[in-house]
Amino acid sequence: MIDSIDVFSLLKVVYVIYVAIVFSLIGMFTLGLTAKKKISPGFTIPFYAWLTLLVCVGVGLHLYTYHKIPWVKWDISRNSIKVDKQFDIAMANYEYKLPEKQMVIQKGDTVRFNVESKDLTYGFGLFRDDGTMVFQMQVVPGQKNDLVWKFDKPGNFSVRSTEYSGPRGADLLAKNVVTVLPEPAVAQNNRTM
């Protein structure tokens, strides 16, 4: 599985190229408007070639990330995915009501987080120790809010609200409440046989 950090480092490069194409397109258009000498009709061919390239890169970028970003496929077919664990979490009055003090998951498990808001729109984000985000979703009151995720790396994770819900929303943090354990030695030995 591709980790979100790897995907985003690739997307930085892709978006730099994308922005360079956009700026060059704007430059060509500006040159055509401000030139003292009338530009020949042949100039419009490179302009439209750049425009076509821009559209192709934009569409290609979205097609490429559809197949590379792991959570897109899961989100589309999440109702048919068999999960190993499920956690029901409630949010109200700027507090998380977690099902357990420590939600323990085995590496390789697929987990469904069902999050319900009783009062405001909150965010539910899972964060690594270094502060980078693993995933997030918006939690809207009165709606089904669930997210399916396959954990392929061990570690401790914190839960934080990722949505503005008033001044107290910035303090909505539960540190190290999700622990992903490495696979037990028995399971690793069975896979190598």
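Preceding this section is the structure that the text describes.
If you're wondering where the values come from, they're calculated on a predicted model, not measured in any experiment.

1. Quick notes on the overall build of the protein
So, point 1. When you go through the protein residue by residue, the secondary structure sums to four helices and nine strands.
So, point 2. Sequence-ordered secondary structure for the protein, helices as α and strands as β, is α-α-α-β-β-β-β-β-β-β-β-β-α.
So, point 3. A sequence separation of at least 24 residues applies to 68% of the contacts in the protein between residues at least 6 apart.
So, point 4. A total accessible area of about 12,100 Å² is found for the protein, and carbon and sulfur atoms account for 61% of it.

2. A look at the nonpolar core
So, point 1. Counting residues in hydrophobic clusters, the biggest one holds 27 residues, and the most contacted among them are Phe-113, Phe-124, Phe-135 and Phe-151.
So, point 2. Among the secondary structure elements, those contributing two or more residues to this core are strand E1 (85-92), strand E3 (103-106), strand E4 (110-117), strand E5 (122-127), strand E6 (133-139), strand E7 (146-150), strand E8 (155-160) and strand E9 (173-181).
So, point 3. Ignoring sequence-local partners within four residues, the contact set of Phe-124 consists of Ile-89, Tyr-96, Phe-113, Val-115, Phe-135, Gln-136, Met-137, Val-139, Val-159, Arg-160 and Thr-162.
So, point 4. The next biggest cluster of nonpolar side chains, apart from the first, holds five residues, and it includes Ile-21, Met-28, Phe-47 and Leu-54.

3. Some points on the sheet that holds E7
So, point 1. An order of E2-E1-E4-E7 is seen for the four strands of this open sheet, with the pairing classed as mixed. Lying at the two open borders of the sheet, with one neighbouring strand each, are strand E2 (95-97) and E7. Across this sheet, the average inter-strand angle for adjacent strands is 25°, counted without regard to direction.
So, point 2. Alignment of E1 against E2, held across three bridges, turns out to be antiparallel. Each residue of the ladder has a partner; that of Ala-92, found in E2, is Glu-95.

4. Let's talk about the sheet that holds E8
So, point 1. Taken together, the five strands give an open sheet; going across it, the order is E3-E9-E8-E5-E6, and neighbouring strands pair in mixed fashion. One side of each edge strand has no neighbouring strand; the edge strands of this open sheet are E3 and E6. Taken over all neighbouring pairs, the strand axes of this sheet differ in orientation by 20° on average, direction set aside.
So, point 2. Where E3 and E9 come together, four bridges link them in parallel fashion. From the neighbouring strand, Met-103 faces E9, where its bridge partner is Val-178.

5. Quick notes on the packing of aromatic side chains
So, point 1. The tally for this structure, following the rule as stated, stands at nine aromatic pairs.
So, point 2. Where Phe-151 meets Phe-157, the ring centres are 6.2 Å apart and the plane angle is 55°; that geometry is what we call tilted. With respect to burial, Phe-151 and Phe-157 carry one shared label: buried.

6. Remarks on the pattern of salt bridges
So, point 1. Inspection of the entire model under this criterion finds two salt bridges.
So, point 2. The residue Arg-112 makes a salt bridge to Asp-146 at a minimum N-O spacing of 2.9 Å. Note that Arg-112 is positioned in strand E4 and Asp-146 in strand E7, a separation of 34 residues in sequence. Of the two residues examined, Arg-112 and Asp-146, each falls in the buried class.
So, point 3. Lys-118 serves as the salt-bridge partner of Glu-116, at 3.5 Å between the closest nitrogen and oxygen.

7. Details of a nonpolar patch on the surface
So, point 1. Nonpolar side chains collect at one region of the surface, where Tyr-48, Leu-51, Val-55, Val-59 and Leu-63 lie side by side and expose about 470 Å² of accessible area between them.
So, point 2. The topology assignment puts Tyr-48 in helix H2 (residues 44-68).
So, point 3. For Tyr-48, a relative accessible area of 48% puts it in the partly exposed group.

8. Focus: the pairing of E8
So, point 1. Where E5 and E8 come together, three bridges link them in antiparallel fashion. Following the sheet pairing, Phe-127 is matched in E8 by Ser-158.
So, point 2. Bridging between E8 and E9 involves five bridges; their strand directions are antiparallel. Its bridge partner lying in E9, Asn-156 is registered against Thr-179.

Cut-off values and rules
- Residues numbered from 1 in each chain as written.
- Predicted model: local features only at pLDDT ≥ 70, side-chain atom pairs only at ≥ 80, totals over all residues.
- Heavy atoms only, no water.
- Helix = DSSP H or I, 4+ residues; strand = E, 2+ residues; numbered from the N terminus.
- Contact = heavy atoms within 4.5 Å.
- Areas by Shrake-Rupley, 256 points an atom, 1.4 Å probe, with all protein chains shown as cover.
- Core = buried A, V, L, I, M, F, W, Y, C linked by side-chain atoms within 4.5 Å.
- Buried < 20%, exposed > 50% of the residue type's maximum accessible area, 1.4 Å probe, protein only.
- Pairing = 2+ DSSP bridges.
- Axes fitted to C-alpha atoms, helices over the stretch in contact; angles between N-to-C directions.
- Phe/Tyr/Trp six-rings, centres within 6.5 Å; stacked < 30°, edge-to-face > 60°.
- Salt bridge = Lys/Arg side-chain N within 4 Å of Asp/Glu carboxyl O.
- Patch = residues over 30% accessible without salt bridge, like charges linked within 9 Å, V, L, I, M, F, W, Y side chains within 5 Å.

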